[in-house]
Amino acid sequence: TTASYTAQIPGSAPIHGHFNFGRIPGSQNIQMFLSLETNNAKEGSFNYHIHEKPVPASGDCNATGGHYDPGNIKQKWGDAYKCTWDQLDRCEIGDLSAKHGALSWSPGYAAWRFTTDDVQLREEMLENKSVVVHDKTGKRIACANLIR
């Protein structure tokens, strides 16, 4: 089943906008489109991940659990965990910024488009998950549920 999911980060967050995920018709590749703006976020690099739990009604990004990692890749590699785009077998499925690079920009609007075949976009993968954006210290500064 081809599915398309969107995470809409509210305008009250330091970074807001949307993440779209969808399979390219006739292909196994997934296209991710990110359209984001900054409010009060400082210039810099921001990591982003699919997290294992949805954002609760309270909006608490810290309640979304860890990165989505059904294969326990991080546990398997322990301290040697290092995800890179050329070694996807060593990556948590949800570790998007390690695979595609951190989001970097000056205050304002930015958009990115990635096409990848490493994410198997299936209902059971993105259903009841969230997208979380972290600042350079790892603090969770923005989050939203993935909605079909």
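So, here is what we can say about the structure in this document. (Residues numbered from 1 in each chain as written. Predicted model: local features only at pLDDT ≥ 70, side-chain atom pairs only at ≥ 80, totals over all residues. Heavy atoms only, no water.)

**Some points on the side chain of Asp 135**
Next, step 1: Within the secondary structure, Asp 135 is located in the loop between strand E7 (130-134) and strand E8 (140-147).
Next, step 2: Of the side chains bearing the opposite charge, Lys 139 lies closest to the buried Asp 135, which forms no salt bridge; the N-O distance is 5.6 Å.
Next, step 3: Discounting residues that sit within four places of it in the chain, Asp 135 has contacts with Ser 45, Phe 46 and Ile 141. (Helix = DSSP H or I, 4+ residues; strand = E, 2+ residues; numbered from the N terminus. Buried < 20%, exposed > 50% of the residue type's maximum accessible area, 1.4 Å probe, protein only. Lys, Arg positive; Asp, Glu negative; His and termini not counted. Salt bridge = Lys/Arg side-chain N within 4 Å of Asp/Glu carboxyl O. Contact = heavy atoms within 4.5 Å.)

**Remarks on the nonpolar core**
Next, step 1: Core analysis: the biggest nonpolar cluster contains 29 residues, and Phe 19, Phe 21 and Val 133 have the highest contact counts within it.
Next, step 2: Those residues in contact with Phe 19, other than ones at most four positions away along the chain, are Tyr 5, Thr 6, Ala 7, Ile 9, Phe 33, Leu 34, Leu 36, Tyr 48, Val 131 and Val 133. (Core = buried A, V, L, I, M, F, W, Y, C linked by side-chain atoms within 4.5 Å.)

**Some details on the side chain of Thr 84**
Next, step 1: Along the chain, the position of Thr 84 falls in the loop between helix H1 (73-77) and helix H2 (96-100).
Next, step 2: In terms of polar contacts, Thr 84 uses its side chain to reach the side chain of Asp 86, at 2.6 Å.
Next, step 3: Residue contacts for Thr 84: discarding those within four places in its chain leaves Cys 91 and Ala 98. (Polar contact = N/O pair within 3.5 Å; in protein donor to acceptor, adjacent residues only side chain to side chain.)

**Here we look at the state of the cysteines**
Next, step 1: By the definition in use, this model includes two disulfides.
Next, step 2: With a sulfur-sulfur separation of 2.1 Å, Cys 61 is cross-linked through a disulfide to Cys 143. Here Cys 61 and Cys 143 share a disulfide; its torsion about the S-S bond, -90°, makes the bridge left-handed. Separated by 82 residues along the polypeptide, Cys 61 in the loop between strand E4 (44-51) and H1 and Cys 143 in strand E8 bring together distant segments of the chain. Exposure class is identical for Cys 61 and Cys 143. Each is buried. (Disulfide = S-S within 2.5 Å.)

**Notes on the packing of aromatic side chains**
Next, step 1: According to the stated counting rule, one finds one aromatic pair in the structure shown.
Next, step 2: Centre to centre, the rings of Phe 19 and Tyr 48 are 6.0 Å apart; their planes meet at 40°, and the pair counts as tilted. One end of the pair, Phe 19, is in strand E2 (residues 15-23); the other, Tyr 48, is in strand E4, and 29 residues separate them in sequence.
Next, step 3: Classification of Phe 19 by relative accessible area gives buried; the value is 1%.
Next, step 4: A cation over a ring is seen here: Arg 90 above Trp 77, with NZ or CZ 3.6 Å from the ring centre. (Phe/Tyr/Trp six-rings, centres within 6.5 Å; stacked < 30°, edge-to-face > 60°. Lys NZ or Arg CZ within 6 Å of the ring centre and 35° of its normal.)

**With respect to the environment of Arg 148**
Next, step 1: With respect to the helices and strands, the residue Arg 148 is situated in the segment after E8.
Next, step 2: Residues Arg 148 and Ala 7, spaced 141 residues apart in sequence, show a C-alpha to C-alpha distance of 9.0 Å.

**Here we look at unusual backbone geometry**
Next, step 1: Although it is not a glycine, Asn 72 adopts a positive phi angle of roughly 50°.
Next, step 2: If you trace the backbone, Asn 72 turns up in the loop between E4 and H1.
Next, step 3: Its relative accessible area of 39% is what places Asn 72 among the partly exposed residues.
Next, step 4: Backbone geometry at Asn 128 places phi at a positive 60°, although glycine is not the residue there.
Next, step 5: Mapping Asn 128 onto the fold places it in the loop between helix H3 (123-126) and E7.
Next, step 6: What makes Asn 128 exposed here is its relative accessible area of 53%.

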